[in-house]
Amino acid sequence: MAKGKTTIYFCQSCGYESSKWMGQCPGCREWNTFVEETVEKTTASKSKKAAEASVMKLSAIELTEEERLSTSMKELDRVLGGGIVKGSLVLVGGDPGIGKSTLLLQVCQNLSRQQIKVLYISGEESLQQIKLRAKRIGEFTDALSLLCETNLDTIQEVIKKERPDVVIIDSIQTMYNEAVSSAPGSVSQVRESTGILMQIAKGMGISIFIVGHVTKEGVVAGPRVLEHMVDTVLYFEGDRHAAYRILRGVKNRFGSTNEIGVFEMRNEGLREVENPSEFMLSGKPEGASGSVVACSMEGTRPILLEIQALVCHSNFGMPRRTAAGTDFNRVNLLMAVLEKRLGMALSSCDAYVNIAGGIKMNEPAIDLGIVLAIVSSYKELSIDEKTICFGEVGLSGEVRAVSMAEQRIQEAKKLGFTVCILPKVCLEAIQEIKGIRLIGVSNVKEAVQAIRNL
Ligand code: TYD
Ligand code: MG
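Read on for a plain summary of the structure. (Residues numbered from 1 in each chain as written. Chains lettered and ligands numbered in written order. Predicted model: local features only at pLDDT ≥ 70, side-chain atom pairs only at ≥ 80, totals over all residues. Heavy atoms only, no water.)

1. Details of the overall build of the protein
- Tallying secondary structure elements over the protein gives 13 helices and 23 strands in all.
- The principal-axis extents of the C-alpha atoms in the protein amount to approximately 80 × 55 × 55 Å.
- Counting across all 454 residues of the protein, residues that qualify as buried make up 48%.
- Considering only contacts within the protein whose residues lie at least 6 apart along the sequence, 66% involve residues at least 24 apart.
- If you sum the accessible surface of the protein, you get close to 22100 Å²; carbon and sulfur atoms cover 50% of it.
- Taken together, the 53 basic and 54 acidic charged side chains of the protein have centroids lying 3 Å from each other. (Helix = DSSP H or I, 4+ residues; strand = E, 2+ residues; numbered from the N terminus. Buried < 20%, exposed > 50% of the residue type's maximum accessible area, 1.4 Å probe, protein only. Contact = heavy atoms within 4.5 Å. Areas by Shrake-Rupley, 256 points an atom, 1.4 Å probe, with all protein chains shown as cover. Lys, Arg positive; Asp, Glu negative; His and termini not counted. Charge placed at Lys NZ, Arg CZ, Asp CG, Glu CD.)

2. Here we look at the site of ligand 1
- Taken together, 15 residues lie around ligand 1, and G97, S101, T102, R266 and G269 are the ones closest in.
- At 2.7 Å, a backbone N or O of G97 approaches an oxygen atom of ligand 1.
- Separating an oxygen atom of ligand 1 from a backbone N or O atom of K100 is a distance of 2.8 Å.
- Coverage of ligand 1 by the protein amounts to 76% of the 560 Å² it exposes when considered alone.
- Those elements giving two or more residues to the shell around ligand 1 turn out to be helix 3 (100-113), helix 4 (127-137) and strand 13 (260-266).
- With three residues, the single largest contributor to the shell around ligand 1 is helix 3. (Near = heavy atom within 4 Å. Polar contact = N/O pair within 3.5 Å; in protein donor to acceptor, adjacent residues only side chain to side chain.)

3. Digging into the packing of aromatic side chains
- By the definition in use, this model includes three aromatic pairs.
- Ring centres of Y16 and F34 lie 6.3 Å apart, and the angle between their planes is 90°; this geometry places the pair in the edge-to-face category. In this pair, Y16 sits in the loop between strand 1 (2-11) and strand 2 (17-18) while F34 sits in strand 3 (residues 34-43), placing the two residues 18 residues apart along the sequence.
- By relative accessible area, Y16 is classed as partly exposed at 34%. (Phe/Tyr/Trp six-rings, centres within 6.5 Å; stacked < 30°, edge-to-face > 60°.)

4. Description of the nonpolar core
- In terms of nonpolar packing, the biggest core is built from 48 residues, with I307, L368, L372 and I374 touching the most fellow members.
- If we ignore the near neighbours within four places in the chain, the residues touching I307 are G290, S291, V292, A294, V353, N354, I366, G369, I370 and A373.
- Judged by nonpolar contacts, the second largest core, of 30 residues, contains L76, I98, L105 and I116. (Core = buried A, V, L, I, M, F, W, Y, C linked by side-chain atoms within 4.5 Å.)

5. Considering the packing of helix 9 (residues 328-342) against helix 10 (residues 367-378)
- Relative to each other, helix 9 and helix 10 sit at 60°, their axes nearing to 10 Å. As the angle between them shows, helix 9 and helix 10 are arranged oblique. Note that helix 9 runs across helix 10; the crossing there is right-handed. Of helix 10, the residues touching helix 9 (which contributes R330, V331, L334, M335, L338 and L342) are D367, I370, V371, I374 and V375.
- Here the residues of the contact of helix 9 with helix 10 are counted per class, giving nine nonpolar, no polar and two charged. (Axes fitted to C-alpha atoms, helices over the stretch in contact; angles between N-to-C directions. Parallel < 35°, antiparallel > 145°, perpendicular 65-115°, else oblique. Left-handed = near helix turned anticlockwise from the far one by under 90°. Nonpolar A, V, L, I, M, F, W, Y, C, P; charged D, E, K, R; others polar.)

6. Description of the pairing of strand 23 (residues 437-441)
- Of the strand pairs in this sheet, strand 22 (residues 419-423) and strand 23 are connected by five bridges, and their pairing is parallel. Residue pairing for strand 23: L422 is matched across the bridge by G440.
- Running through helix 12 (residues 424-429), the crossover from strand 22 to the neighbouring parallel element strand 23 is right-handed. (Pairing = 2+ DSSP bridges. Right-handed = clockwise from strand over helix to strand, strands pointing away.)

7. Some thoughts on the pairing of strand 7 (residues 118-122)
- By the criterion of burial, strand 7 is predominantly enclosed, with five of the five residues buried.
- Alternating residues of strand 7 divide into V118, Y120 and S122 and L119 and I121, and every residue in both groups is buried.
- Following the backbone out of strand 7, through helix 4 and into the adjacent parallel strand 8 (residues 144-148), one traces a crossover that is right-handed.
- Sheet analysis places strand 7 next to strand 9 (residues 166-170), joined by five bridges and oriented parallel. Note on strand 9: the bridge partner recorded for L119 is V167.

8. Quick notes on the sheet that holds strand 19 (residues 387-389)
- Across the sheet, seven strands lie side by side as 17-18-16-15-19-22-23; this open sheet has mixed pairing. Sheet topology places strand 17 (321-324) and strand 23 at the edges, where each strand pairs with a single neighbour. Taken over all neighbouring pairs, the strand axes of this sheet differ in orientation by 25° on average, direction set aside.
- Examined bridge by bridge, strand 16 (residues 301-313) and strand 18 (residues 349-355) share seven bridges and lie antiparallel to one another. Bridged to Q308 within strand 18 is N354.
- Strands strand 17 and strand 18 of the sheet are contacted by helix 9, whose axis makes an angle of about 125° with strand 17.
- Sheet strands in contact with helix 11 (residues 405-414) are strand 15 (291-298), strand 16, strand 19, strand 22 and strand 23, and its direction is about 80° off that of strand 16.

9. Structural notes on the sheet that holds strand 14 (residues 269-272)
- Read across the sheet, nine strands follow the order 8-7-9-10-6-11-12-13-14 without closing on themselves; strand pairing throughout is mixed. Because the sheet does not close on itself, it has two edges, and the strands there are strand 8 and strand 14. Strand-to-strand twist of the sheet, defined as the mean angle between neighbouring strand axes without regard to direction, takes the value 25°.
- Both strand 7 and strand 8 contribute to a ladder of five bridges, which runs parallel.

10. Considering the side chain of E264
- Inspection of the secondary structure puts E264 in strand 13.
- By relative accessible area, E264 is classed as buried at 15%.
- In this structure E264 touches A243, Y244, G269, L270, R271, V273 and F279, once residues within four positions along its chain are discounted.

As structure tokens, then:
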């Protein structure tokens with residue numbers, strides 16, 4: 001093997017490589033992100049590599065049922081696509097203090113109770129700190145071992161010796177590999193470390209969870225390549241001031257994405273929220289104008305949420321508009337539709353739209369909810385509490401079809417709603433459901449008429 005050291009400049013924000021320093025990254029347009037890092041180039045002899053490689057016919061590949069370990073947390077299992085796949089590499093990203101370490105320690109607890117060997121490697125906290133956290137969470141069995149280490153070579157040796165089934169790396173940004181001379185957390189370190197962990201996972205069939213820090217912009221710090229390398233990317237998010245946390249799957253090679261798991265942060269660790277709709281709707285005001293319940297699909301699960309709007313006369317020439325929990329531009333667009341199609345004088349009004357509970361939802365199916373909340377506040381018209389609505393609103397004010405209408409209606413019925421306003425097109429495709437009145441509407445005008453008639 002021929003070896004040689006070269007210096008390469010890496011963009012710390014996107015991982016762009018350059019042989020020269022640059023002020024602005026051509027990849028992500030960030031300024032002053034290039035840092036010099038030395039990398040070792042190894043070139044194996046070509047003929048040897050080619051001799052080792054062999055091709056396979058698709059028909060000759062045998063399928064084995066992928067083995068999954070249950071984490072005993074239904075919310076997490078669903079986001080993972082049905083449990084932890086053997087030999088998979090899972091990246092868990094999230095803001096500091098959101099509860100990543102807590103979640104993974106609870107995974108350790110549940111797995112160790114099933115006598116699955118788990119190794120928790122922390123580069124951030126001392127053993128005492130982990131013990132303190134563990135004391136809050138509860139009882140652990142001896143199937144869990146802990147290690148405070150940041151050197152990946154040592155970690156590799158320990159894993160080879162201990163042969164655990166599941167390994168947790170608390171945080172990839174603290175790990176380093178001696179062969180790479182740049183500092184821990186830099187692009188080449190993070191990339192190299194993930195590469196090594198990948199080999200361990202695939203080579204030994206060990207499932208590895210990696211914790212990744214998130215930058216101010218909300219992406220996993222270090223290169224984007226990290227997300228491409230791993231099998232599954234989960235984001236743990238939530239308002240730090242609110243008690244609940246949402247675990248969102250953004251990439252999953254072994255299951256569907258967009259699934260969410262809802263947890264609540266308690267004194268004794270995270271607790272699963274099995275019925276998030278109920279949780280989101282708790283505290284909904286009764287008989288108030290500007291409040292309506294809408295339904296959004298998160299992966300395969302319908303979630304009911306309360307949309308609130310406050311429309312009031314503006315004292316300035318430039319009306320104020322805010323949208324919390326949903327897309328600001330979408331709200332502006334829907335207000336323009338209302339102005340044009342229903343003749344409402346919204347251009348002289350301030351408008352504040354909020355999804356109660358601090359949850360973020362961007363599915364177009366909540367359009368109708370936003371529209372009705374705004375109309376309700378503008379006209380001081382309170383909407384019947386047992387009514388839910390969903391539907392996408394187009395630019396000409398038409399209410400368009402959305403997917404999985406039946407699941408949404410069933411969820412609403414389960415929570416005791418008696419009226420559902422939905423796109424007319426959806427209504428034709430579903431059979432009558434007992435116990436809930438379905439009102440099909442084809443445009444916003446009909447929708448407003450429907451809430452007046454309730
Ligand atoms: P932590 O898991 O350390 O966050 P991360 O690893 O993502 O940085 O979570 C720490 C926060 O959670 C901290 O603010 C305290 C809180 N917490 C509880 O409220 N209850 C608990 O039982 C635990 C362990 C933590
Ligand atoms: Mg932590």
